[in-house]
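Here are the chains, one letter per residue:
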Amino acid sequence: MSDFFDDPPRPGPGGDRPAQRPPARPRRPRPVVLTIIVVALFLLLFSIFAGIWTEKLWFGALGYGEVFNKLIWTRTGLFVGFGLLMALIVGGNLAIAFRLRPLFRPSSPEQANLERYREVVTPLRRPLLLGVSAVFGIFAGISASGQWRTFLLWTNGKSFGEVDPYFEKDVGFYVFTLPWLHWLVDFTMTAVVLALLASALVHYVYGGIRLQARANRVSGGAQAQLSALFGVLVLLKGADYYLDRFDLTSQQGSLITGMTYARDHAMLPSKNILMAIAVICAVLFFANVIRRTWMLPSVGLVLFVISAVLLGFLWPALVQRFQVKPDEPDKEAPYIAANIKATREAFDIADSKVSEYDAKTALSPEQLKQDAASLPGIRLLDPTVVTETFEQLQQVRGYYTVPGVLDVDRYQIDGRERDMVIAARELDLSGLPDEQKNWNNLHTVYTHGYGIIAAYGNQRDPDGAPVFAEENLPPTGKLSQLSPGGYRGQIYYGENSPEYSLVGKAPNGKDIELDIPQGTDEEAGGQASRNTYDGKGGVEVGSLFRKLLYAVKFNEPNFLLSSRIHGDSKVLYNRAPIERVQKVAPWLTVDNDALPAVVDGRIVWLLDGYTVTDRFPLSQKRSMEEMTNDAINPRTTFATLPTDEINYIRNAVKISVDAYDGTVTLYEWDQKDPMLKAWESIFPGLVKPKSKIPEDMLQHMRYPEDLFKVQRNMLAEYHVTNAKTFYEGTDRWEVPQDPNSETNKQPPYRLSVATKTGAAPVFSLTSVYVPFKRQNLASFIAVGADAADPKTYGDIQILRLPDNTQVPGPSQIANQFNSDDKIANRLLAFKRAGTNVISGNLLTLPVGGGLLYVQPVYTVREGGAGNYPVLRYVLTSFGSEVGIGSTLSESLDDVLGTTGVITGERPSPDGDQTSGKGLPAGALRLLQQADEKFRQADQALKKGDLAGYQKAVDEGRDLLEQALRSGQKAGAAKGSGS
């Protein structure tokens, strides 16, 4: 390469004498321009440094400094190593091409034109060589640093303990080794192609390649170098064919993912043949380095291209068309069977149990009493509807909020387990008045949310509002009584926390942060409503250097100017639980649902982490985003997911994030997962043993919702284990459309249900299937969701309905409810009074030997502030019968045509006879009178009597309000009596 850096003699116009030219005087850049460039470069580099160094500080404050070091050094090593390799390959070939240039070139118009370029390039060859090499090296380094997951898994891969039936390779080879080998071959091929193009360009500019010459168009030096590069490239393509053979086990197709008859009998042999042809072709190119004739390499290359077309595309297509298609069920049967087996194993559904369920379509009181224990587990509060109710009744101030979809959990209350709809009361800074939205308030005063809100899942008060088990500020209720002295209510780390908050006392030593809104400071005794964070979370930001770093990171000069930032100050950021987990464990795919729970006197967020891959041999690939989309999460995105198309998933870890100090703790869950074992060897000590999970925390850990969505999607097709039935598609199911959504699937629901008559209810995730492109019910599916119960947790039960029994599906039941006159008449009064009727989640559960549908109905008045949904009725359906009532018991009585069969209702103590529907007889009479007035209003409107119409509507509304007040009084009397 030394010749490249030496000043060569420059041929003159005739090509035989060096031309002489005076040395050019270098032009010095202007000082102002140079200063601007230097300052801009410094600012750019300091900004990059600030981003990296603040990340290091964040990891260190959280106690995961080793994770940051491992990640940064791995990515840096890959960047430098492969960047230098690319630079050496490209730069080295550039230098060789320049060294092999012909010093004397025949005179021609082509060379005369190129001489102008040579005059420009030759004096700048050193910076050009270094610049081109550096540019390619930087891009290659960036690409390589993004492969840190693949590299680390390759260096720490584990055995799965099972081999594929075609190559007899351990599954670990496909998951851990094959992706890295593919990337190495692709990287090297890219480097050789770039070197080939760059070398050809140099040879052309310096006359080694003469396109307009009649003979000897390529010089000997150019021919030798290009032949060697072509030989290496073809040899690498042969290696690529070798690796492609293994990819046939995870190649997607119209029928299945993995090996098929055509791939086994045509594509696999073709790749073996092409691999041999590539080696022969490479040998011919290497021989051309010495023989200096393009005849044999050209013939070999043409043969290689033709073979690739014929063997790689035409042969498999002919085999598929003329051998497979005429006899496809039999030809593909063994491959389908292998795909079914691998898919059920990879998605952890091999142990799912399908039971025949002879669903009854008629329900008797005796049958219902056998499953009466399941009735308290029927959740009447819809977590997607009562968000506004929670906010209006428990928001306390406009700067608090709850999530759009609430969570479902369970707690031991008064000696028995109760299902709860639960939410964390978090900050909503958009609720502040505009004049208070200044930097100090947004980042030093309003720093945290406070407390948990919880309501019983199957109760409502006389007004239709939730019955709260935990409420108010300071929090009071059953959850506060679980720990002596209650629980710590501050939520500094939550799903809706501000981007960053600065915590610490004011310079005068007083507390700054608003804690519990109890009026003014004087009314609260001067201290009760203020607080100073004293947790171990956050990064100390008192020094001038750190202030400068964070001023750059957040683009906020107040870090340097504010007197509220001093030696004891900390900055809290990256505060969302999912975000914290994905930074601490970027190798995990994090579930989208974070559950707030009260555990040992603290609020913690509980999450789930998955290990996924798309390389499990023979297993079916599906889009995780599509499998998890439903009416609640129509567009699900997953943190740190390396690929959306997956064919293996495990719930590898359970995770807790402390809501006060932000501590992230990962607990091993699937102890057999080889991918988890690999990551544990990469980051030793990061994941704690399963035995370290606190008992109180384990009681609130649940089966993850996204995992269940993935599994129910796969089981819709892969509940079938017979290859012929699978191929015919006669027993294919699908998740039904949500009755309350036009385009999205029905989400799964958390309920306490029993899948067998008379069995004890189990906290479960439940869903249903309908036949493919049909609306009647095909089956019911549930998975045990209580992590504290190892006997039922993860146990997938499918109740398959008989094919000769027509049981309505969710959409058909919704139509029954909408078209039933009895239900329409009960709801008509509310609709006429300017009230919106909202249908809640349609629940399905096995009861009485059949399937019972339950749907809560909410009403909310139109217009005006402070309106919120209240639970008015409960709709039920069993077989062809539908019922409506103010309570579940009333609605079931309506289905059965009985009164008080389940609850044994009796006249109330004050002698006011109940109607059998949960209302005093007087209230029912008032409702009937109101309904009659609304009918009269309709008749008056049809006759054009506007005055009569208005009068009847006003009288009907008065009667309706009297009925509601009567019902509330009766409910209050009943509550005080109990």
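About the thresholds
- Residues numbered from 1 in each chain as written.
- Predicted model: local features only at pLDDT ≥ 70, side-chain atom pairs only at ≥ 80, totals over all residues.
- Heavy atoms only, no water.
- Helix = DSSP H or I, 4+ residues; strand = E, 2+ residues; numbered from the N terminus.
- Buried < 20%, exposed > 50% of the residue type's maximum accessible area, 1.4 Å probe, protein only.
- Areas by Shrake-Rupley, 256 points an atom, 1.4 Å probe, with all protein chains shown as cover.
- Pairing = 2+ DSSP bridges.
- Core = buried A, V, L, I, M, F, W, Y, C linked by side-chain atoms within 4.5 Å.
- Contact = heavy atoms within 4.5 Å.
- Salt bridge = Lys/Arg side-chain N within 4 Å of Asp/Glu carboxyl O.
- pLDDT = per-residue confidence, 0-100.

Q: I'd like a description of the overall build of the protein, backed by residues and values.
A: Helix and strand content of the protein: 27 helices and 33 strands. Residue burial in the protein is summarised as follows: out of 978 residues, 53% are buried. Element-wise, carbon and sulfur atoms account for 55% of the exposed surface of the protein, whose accessible area totals about 44100 Å².

Q: Describe the sheet that holds strand β11 (residues 500–503), naming the residues involved and giving the relevant values.
A: Taken in spatial order, the three strands of this open sheet run β11-β15-β14, and their pairing is antiparallel. Pairing within the sheet leaves two strands with one partner each, and these edge strands are β11 and β14 (539–540). With two bridges joining them, β14 and strand β15 (residues 570–573) adopt antiparallel strand pairing. When the bridges of β15 are listed, E540 appears paired with K570.

Q: Which residues make up the nonpolar core, and what values do they have?
A: By size, the foremost hydrophobic cluster in this structure holds 166 residues, and its most contacted members are F559, V571 and W587. Ranked by residue count, the leading element in this core is helix α7 (residues 171–205), at 17 residues. Filtering out sequence-adjacent residues up to four positions away, V571 remains in contact with Y500, S501, L502, G538, V539, V541, Y550, F554 and F559. Formed by 32 residues, the second largest nonpolar core is a distinct cluster that contains V386, A455, Y858 and L892.

Q: Break down the pattern of salt bridges for me, with residues and values.
A: One pass over the structure, following the stated rule, counts 24 salt bridges. We note a salt bridge from D661 to R602, for which the minimum N-O separation is 3.4 Å. Of the two residues, D661 sits in the loop between β21 (648–658) and β22 (664–668) while R602 sits in strand β18 (residues 602–613), which places them 59 residues apart along the sequence. Take D661: its relative accessible area is 9%, and that puts it in the buried class. Residue R602 is classed as partly exposed on the basis of its relative accessible area of 27%.

Q: Provide a residue-level description of the confidence of the model for the protein, including the pertinent values.
A: Predicted confidence across the protein gives a mean pLDDT of 86, with 87% of residues reaching 70 or more. Confidence scores differ between elements of the protein, with helix α1 (residues 2–5) showing the lowest mean pLDDT of 51 and β22 the highest of 97. Confidence drops under a pLDDT of 50 for residues 12–19, and excluding neighbours within four residues, the segment shows 13 contacts in the predicted structure. The model gives residues 903–918 a pLDDT under 50, and that stretch makes 22 contacts with residues more than four places away or in other chains.

Q: Which residues make up unusual backbone geometry, and what are the values?
A: Omega for the peptide link from L473 to P474 comes to -10°, which places this bond in the cis form. With respect to the secondary-structure elements, P474 resides in the loop between β8 (466–471) and β9 (476–477). Located in the positive-phi region is E168, a residue other than glycine, with phi close to 55°. As for its position among the elements, E168 is in the loop between α6 (148–155) and α7. If you check the backbone angles, D348 has positive phi at about 60° while not being a glycine. For D348, the position within the fold is in the loop between α11 (328–346) and β1 (353–356).

Q: Tell me about the environment of A350, residues and numbers included.
A: With respect to the element layout, A350 can be found in the loop between α11 and β1. You can call A350 partly exposed: its relative accessible area is 38%. Along the chain, A350 and T721 lie 371 residues apart, while their C-alpha atoms are 9.9 Å from each other.

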